Structure formats: C-alpha cells, structure tokens
Number of protein chains: 2
Amino acid sequence: MEHALPAGETGKRIARLQEQLKAGGYAGMLVSQNTDLYYLTGTMQAGYLFVPDEGEPTLYVRRSVARAERESRVRTKPLGSFKAFGAELAADFPPLTGSGERRTVLTPLDALPAQLYLRLAELLRGAGAELADGSAMMRRLRMVKSLHEIGRIQAAARAAAEALDEALPLLREGVTELEWMAAYEHAVRKRGHIGTMRMRAYNLEVLTGMVGAGEAAAEPSAFDGPAGGRGLGPAAAQSVSRRPIGRNEPILIDIGCCIDGYIIDQTRTAVIGALPDDLLAAYETSVRIIRRAEELLVPGTPAERLYEEAIRMADEAGLADHFMGFGADRVRFLGHGIGLEVDEWPVLARGFDMPLEPGMVIAVEPKFTFPGRGVVGIENSYAVQSEGPPLALTLTPERLIRLP
Amino acid sequence: MEHALPAGETGKRIARLQEQLKAGGYAGMLVSQNTDLYYLTGTMQAGYLFVPDEGEPTLYVRRSVARAERESRVRTKPLGSFKAFGAELAADFPPLTGSGERRTVLTPLDALPAQLYLRLAELLRGAGAELADGSAMMRRLRMVKSLHEIGRIQAAARAAAEALDEALPLLREGVTELEWMAAYEHAVRKRGHIGTMRMRAYNLEVLTGMVGAGEAAAEPSAFDGPAGGRGLGPAAAQSVSRRPIGRNEPILIDIGCCIDGYIIDQTRTAVIGALPDDLLAAYETSVRIIRRAEELLVPGTPAERLYEEAIRMADEAGLADHFMGFGADRVRFLGHGIGLEVDEWPVLARGFDMPLEPGMVIAVEPKFTFPGRGVVGIENSYAVQSEGPPLALTLTPERLIRLP
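In this text the structure is predicted, and so the values were computed from the model without any measurement.

A. A look at empty space enclosed by the protein. In total, this model carries 7 cavities of 30 Å³ or more according to the counting rule given. Taken as a whole, the largest cavity holds about 800 Å³ of empty space. Lining the largest cavity are 37 residues, with Met199, Ala201 and Leu204 of chain A together with Met199 and Leu204 of chain B positioned closest to its centre. Broken down by class, the residue content of the lining of the largest cavity amounts to 18 nonpolar, 9 polar and 10 charged. In this structure, the second largest cavity encloses a volume near 200 Å³. Lining the second largest cavity are 16 residues, and of these Glu185 and Gly195 of chain A together with Glu185, Gly195 and Thr208 of chain B lie nearest its centre.

Pasting the structure below:
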C-alpha cells in the first residue's frame, strides 16, 4: 500500500467535479468503471460511486466491502440488492427527487456496457432522474494530473528505463520479437508492472506495447496507433510475432509499463548494423518533429496545433504518406494523454482544439512507416508546465540505438 | 498464421447462429466485440459483422481492411462513414426494411459500450430495425466447442504445464509472489502466451492468474473468483503481491495462459514444508469434490447440479463458510466455461439449469479460504464428451506440490 492515493487528492478531485456538475445543472455523477472509481476514491473495488453536485459522495460497494472500507477516501456503504439501489440512492440524495422536475445524473457511457446502462437508466428513472453521458466531463477531469500522479508516471518511466537497459544486451540477430519482448516483460514485471497498460477504448488491448522488426512492424493492424505490429496470429493480431530480428533493419521498440496504476509510454528505434539512408532520414525527421512539439507543449497551445505542425513537417520532408502508418492505415494523431489509461485526453489530433494546460501529461510519438521495410520513430512523454518547456518524463536516453 | 481458424469452422458456426435467429424471428445479429468477431470470421480486425437470418454475412471493416481481407472467412467490405452505415446495411440486407413492420436485430449488449450502443440503435432505427440484446444467444453459441477449439485449449494447457515445470524450481522460501509469477510469466510468454487471458465481464482483468501465499491469498478482492489475491496495491488489487513466500503455508498457484486466442485455467496448491492438518484436510475435500464433479460432467447434468453437490460436500466436511472464499466474500459458483474468454458459459452456479452438452469446456475449481492463513484447492479444465467421463485438458499432474 506504499503508493496509495494521498487523502487530500480525492477531496480536490471531487471538488473540481462538483464545480462542473453545478455549472452544468446536473444532480450528480454515477461512477462504476475501475479507473474512474480509483481516481475518485482511492480504491478499485466493485461498486458504484455517487457524487452529488454538492455534499458528501458515497461509494456503494458490491465487493470487497472489507477492502473498500480500508482503502476508500470517501464514505462507503455495502451495496444491498441492485433492485433496491434506486430507492437507496433517492433516499441518500434527496435532491434527486426533491423538486418535482426530473434532474439529470451523468455517468461515463464510453466504457459502460450497454446491458448495465439500460438497467441503471431504468433504476434512475425510478429514482426520479435521467441518466446522460458524462464521458467528456470525466475525461476532462482526469486530463490534468497532480504532482502525485506525475510522480507515479515518473516511477513507471524509471521501471521502463531500467527494464529496457536490462533487456537490451539480449537484442541480437536471430532472437525473435517474442523472445526479446518476453525478456523485457520479465525485467519490467519484477519491478512492479501490473501486467497490463489499461485502455479505455472498446476492444483495444496493450500489455507492454510492441516490438517490431523490419516489415513485421509495418503491417497494418486494428490497433489505434501508428504501428500495431504483426502479432502472433489472427487472435493476437498486434504487437510481437515470432519473426527473428535481422541486421540493417529498423527495430521499433514501443514499450511501457504500469506502476501503481500509472502508465508510461515510450518508443526508441534500434538497429543491428546500420539503417538504410532513407529510413535514417525519416528517423531524423521524427526527431525534428518532437523538438518542435516540445516548443509547442506550453499552456495555451491548442492540442490539434501539434498535429498540424507535425503533418506540415512530414509533408515538407516528402513523407506525408508514411506518417503515423502508411496510406489508408495511417492514424490521425501525433500523441495522446497518459495516466491511469493509455488513451487519455488530450489527443493531439484535429478537433481537439482545447488549449494545453499545466499538468497535462502527453505521449508524443512521431513515426514513419515503410511497408515491407519497417517503422522508425520516437516517443517521449511530457508534463506541460505552467512556465517554460515541458518536463520530460521518459528516462531512457533519446538516441538511435545502434547495436554491433 | 499456423493456427488460423480452419475455413469450415466459421461456416458451421454461422449456420448454427442463423438457425437460432430464424427460430426467434430475428432479422440478424450485429457483432462488434473482438472475440465474437474472431469466433465468427477468423479475424479480429475492427469493424462490424452482420449475420442475416439467412444468406451470406458481411464484415464491414474499419481497420485494417488489408488484414481483414487476408484473414476473414466471410465476405468483407470496407466500412465507409459510420453515418452512412445504416443505409448501407439496409441496402445490403433488404429484409431489414422490406415488409413495412420493424424487425429486430440482435447484438450482444453485455460488452458493448453504451455510447456505441446508442449510436447503433439510432442507426438501425434509421434502417427500419430495432436493436435488442443478443448476449445470451452469442454466449450459448460459443459454449459448445469444436475439436479445433479443444485442440487450441490443449495447446494452451501444454504451454501452462511446461512453463509451470520450468518455474517450479524457483519457488523457494523468501522469493516474493511477484518474483515467482514473473518467472512463470516469462516461461509461458516465450511459449506464445498472448499476454492476457481475455475476460468478457466489465472491469475484470486477468493476465496469467494469481499466485498467493498464506494470508495474502485469502484477502478478499473485487475479482469474481474464489481467491483474488492481495495484489500490488489499491490500483492493482488482485493477483500477486510483494509478500515473500514462507514455509508451512499454502501457496495457491492459479495460473493459465492464452495461446492462439484460447485459454487454459488451472490451479495447484504447493507448500514448502508441510501444510497444517486442517488445511490438508480441506485440500483433500477439494480433491473429493473434483472427483465427484468428474462423475457429473456428462451430457444431461444440469450445470447447477455440480455446484449444489459441491456445496453439500463442503457442508458435510464442516467447511461451508470457507468454500469459494470466506463468509460474505464467497463467490457462488464451482466453475465456468473457458474458450476465447475466461468467463464463458456455462457457469456451474444456481440458475444455470441448462443441461451439459458434449463439447462444453469447463474449469472446475473447488477452493477453501482460511482468513489470515491461506487458500487451498485445485482446478482442472475438462471437455464434456458424448459418452463416458470428461476429457481432462489440464496436463499438469494433479498433486499437492510438496517442496523441501
């Protein structure tokens, strides 16, 4: 329990949430997804948290009640029968039913299964309220990290950097992507990686990232990232394959880990021997893009601006078709927020016109894909600061890793 | 791609699904969850499969189109804009709109995010159809495994057994749960474990299972299983902890893996030294329960019967309060189906009165929890056969593992 959530954290988060609830005229927020629950309570036990627009929230615990009582920073109550939960909520939070007019309760609908949504919506109607989507409010709330959270991401960055150092000597010609990834994973697991990097999006999985050599890295995939990787087969169609790593081809090492619930995400390009000139030039373009991104990672820059700038630079370098995937399989972003999940806000993509704020933590990952040949690029994670350049969180030195 | 889905498999599955759709008067099934997609098409790319009540299904692919075209056993089409998808479906499957009366399209709502559900429901209304829950139909369809699937589960069982053999010499006094689990995971990952054992249920995660020594194994958790484990902290509150493994205490080794998409789940109890007499007696009760379960794992037995029988035996042994967790934290089942996911049907629990059928693959896991002391038990996976006793799929020899 050494890195449990400090007691003061949840109070501040709940106060910020309540401000937003009040501003929107909402009666409250109902929370059930595991990272949302942890963020607001300090525990990840199964149940429902209700945060009213003002006053004390309650965590209704299905299981384990004992563990939730020990860990939760907000008041807990054992959840009785699900059927009676609506009446219990209405009794515990009279403003739900008080005025005669129906009030709206938010809940994030982006990760809530539809079956449960339909049951909760009915239950809340019985309690006099309407259920509506609170995803955007929750994601905005979690977007700005506290110093405690940045500290946890730094701990993850340390584990990833140490594990990469430990595994790098095993990266040799003829070793398969899978074998090398297993070595990295062993090194990072011993350091407390929880085994997965949680994702919010439907159907997406990332355990420790991907390692892809040559053309295997460049295979398109369902994964919503610039380089999913070949994978082990159609039922695990991303990340590592059993392809042996060869000489003079790019090796994309896009790895991370999750420590105490918080994630780091980073990429380095390696080569045994030397990269072909055009791939080396593309790698150098990714370095220039990340330098430019660092200049823009300051409060006030619209998030999408970093993507526009990267697109412009890729285009100028004659690499537009290769940027963030190839052709129709390109993804349309330069980076993404990280925290308790890999796919947090802001996304550095068109449409995300929100200005950057101090405390946002963003993985920036310019990459270039060459079908049949490989992927080169770089990824660092940064915290936006109130003044000056962003704080670099990635600890692995930034370099093209050249192995003999 | 060596273990891609054989072409004949999906045809049979779709025919069985279409029989059920016709019997219920449904217009079709819309499928989007990754294991459901793989089960019916042989690919796990992002998109939507529509299976009409008769005729040829179509997989509308968002990404990667190239990979889906290579792997899919059913016809593929690139998915255009999501907005136009309703009109496209109605044009491709005229019976959706033909008769003037609205028809019902099913989709599994147990894993579909509510946000996407609301968009799909609107889109289908536009196409003249209503969306309803197809979870039960999909879970029943996947419940009975083909010989190909059982072969994949056997491959997973082999990897788990070999990896356990490789890691067992490292199980020594003073090694932490995390360190030992990292060694098992390394051994199983090298053998092709995809890194996670997929789960269908909301918020639940299992990567390779749990290893828990003494009182750490007996801590209650949010995980819907008899022994979740202490975990690394509140943000990873199940499975292994950093507790060193000691002498004369039970070590619960509930591990598995996922090979080619298919899962094995198994448990052995180990001890360095000797178990206290009462825990040894409880272990022997779990062995008796699993022997009895083997007698009942034949076609026609109602699934819940195995749970009732286990409860009766635990009660007779004076261990009712310790069975499948302790007190209020007990779970109410004896076992569960396994396949592409860890939490498949049938569940050996009250309310599951469906008769067992040949081809069902079930993990049976009688366990006894002693708060402050530990968990003992056993778990084997079996395939129900048309005649005779079930086929044992677990390859690790069944024994109490006594280490010096």
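Having put the structure on the table, let's press on.
B. Structural detail: the pairing of strand β13 (residues 367-370) of chain B. Neither face of β13 of chain B is exposed, since Lys367 and Thr369 of chain B on one face and Phe368 and Phe370 of chain B on the opposite face are all buried. Here β13 of chain B folds back onto strand β14 (residues 374-377) of chain B in antiparallel fashion, the turn holding 3 residues, of which Gly372 of chain B has a positive phi close to 80°.

C. Quick look at the relation of the copies chain A and chain B. Screw-axis analysis of chain A against chain B gives a translation of 0.0 Å along the axis, an RMSD of 0.0 Å, and a rotation angle of 180°. Taken together, the rotation and translation relating the two chain copies correspond to the operation of a two-fold axis. Here 100% of the contact residues of chain A are again contact residues in chain B; the copies associate through an equivalent surface.

D. Seen up close, the domain arrangement of chain A. Residue and element names in this part refer to chain A. On domain assignment, one finds that chain A holds domain 1 (7-141) and domain 2 (144-403). On a C-alpha basis, the centres of domain 1 and domain 2 stand 34 Å from each other. Between domain 1 and domain 2, the contact holds 18 residues from the first and 14 residues from the second. Summed over both partners, the interface of domain 1 with domain 2 buries about 1300 Å², with 48% contributed by carbon and sulfur atoms. There are 3 salt bridges connecting domain 1 and domain 2.

E. How the structure looks around the sheet that holds strand β17 (residues 401-403) of chain A. Residue and element names in this part refer to chain A. The 4 strands are arranged β7-β8-β9-β17 in an open sheet whose pairing can be described as mixed. Two strands close off the open sheet at either side, each with one partner strand: β7 (209-213) and β17. Sheet twist, expressed as the mean angle between neighbouring strand axes with direction ignored, is 25°. As paired elements, strand β9 (residues 262-272) and β17 share 3 bridges and run parallel to each other. Opposite Ala270, over in β17, you have Ile401 as the bridge partner. Together, β8 (251-259) and β9 form the strand contacts of helix α7 (residues 147-167), whose direction differs from that of β9 by roughly 30°.

F. Broad picture of the sheet that holds strand β15 (residues 380-383) of chain B. All names here are of chain B. One open sheet accounts for 5 strands, arranged β11-β10-β12-β15-β16; its pairing is antiparallel. On the outer flanks of this sheet lie β11 (344-348) and β16 (391-392), each paired with one strand and no other. With 4 bridges connecting them, strand β12 (residues 361-364) and β15 associate as antiparallel partners. Bridge pairing in β15 places Ile362 opposite Tyr382. Of the strands in this sheet, β11 and β12 touch helix α6 (residues 135-143), which is tilted by about 85° from β11.

G. How the structure looks around the interface of chain A and chain B. Taken residue by residue, the interface counts 71 residues in chain A and 71 residues in chain B. Buried surface at the junction of chain A and chain B, both sides included, amounts to about 5600 Å², of which 52% is carbon and sulfur. Interface area lost by chain A to chain B is led by Arg63, Tyr202 and Pro234 of chain A, which between them contribute 14%. Where chain A packs against chain B, one counts 8 salt bridges. In this structure, Arg70 of chain B engages Glu219 of chain A in a salt bridge whose closest nitrogen and oxygen atoms are separated by 3.4 Å. Here chain A is connected to chain B by 44 residue pairs in polar contact (both at pLDDT 80 or more). When contributions to the side of chain A that touches chain B are tallied by element, the ones reaching two or more residues are α2 (34-41), α3 (65-71), α5 (114-126) and α8 (177-190) of chain A. The element best represented in the side of chain A that touches chain B is α8 of chain A, accounting for 8 residues. Counted by class, the side of chain A that touches chain B contains 32 nonpolar, 20 polar and 19 charged residues.

H. Representation of the pairing of strand β15 (residues 380-383) of chain A within the structure. All names here are of chain A. By the alternation rule, side chains of β15 split into Asn380 and Tyr382 and Ser381 and Ala383, which are all buried. In this sheet, strand β16 (residues 391-392) lies alongside β15 in antiparallel orientation, the contact comprising 2 bridges. Following the sheet pairing, Ala383 is matched in β16 by Leu391.

About the criteria used
Throughout this document, residue positions are counted from 1 along each chain, in the order its sequence is written. Whichever chain is written first is A, and whichever ligand is written first is 1; the rest continue in order. The model is predicted, so local features are restricted to residues of pLDDT at least 70 and side-chain atom pairs to those at 80 or more, both for listing and for counting; the totals for chains, interfaces and linings are taken over all residues. Only hydrogens and water are set aside; all other atoms, that is, all heavy atoms of the structure, feed into the side-chain values. Both site types are read off a 1 Å grid over the protein atoms alone. A 1.4 Å probe that fits but cannot get out defines a cavity, while an open set with protein on both sides within 12 Å along at least five of seven lines defines a pocket; lining residues have an atom within 4 Å of a point. Grid points are joined across faces, edges and corners, and a volume is the space filled by probe spheres set on the points. When residue character is reported, Ala, Val, Leu, Ile, Met, Phe, Trp, Tyr, Cys and Pro are called nonpolar, Asp, Glu, Lys and Arg charged, and the others, Gly included, polar. To sort residues, take the accessible area from a 1.4 Å probe on protein chains only and compare it with the maximum for the residue type: under 20% means buried, over 50% means exposed, and anything in between is partly exposed. To qualify as a helix, a DSSP run of H or I must reach at least 4 residues; to qualify as a strand, a run of E must reach at least 2; elements of each kind are numbered from the N terminus. DSSP-based pairing: two strands are paired if at least 2 bridges between them are found. Here the copies are superposed with least squares, the fitted atoms being C-alpha atoms of residues at a pLDDT of at least 70 in both. By the convention used here, residues are in contact when the closest approach between their heavy atoms is within 4.5 Å. Note that the domain bounds reflect an automated or database-derived domain assignment. When two parts are put together, the accessible area they lose, computed with a 1.4 Å probe and summed over both, is reported as buried area. A pairing counts as a salt bridge when a side-chain nitrogen of Lys or Arg comes within 4 Å of a carboxyl oxygen of Asp or Glu. Fitted lines through C-alpha atoms serve as axes, helices being fitted only where they are in contact, and the angles separating the N-to-C directions of these axes extend from 0 to 180 degrees. Counting of polar contacts relies on pairs of N or O atoms within 3.5 Å, with two restrictions inside protein: one atom must be capable of donating a hydrogen and the other of accepting it, and residues adjacent in sequence are counted only when both atoms are side-chain atoms.

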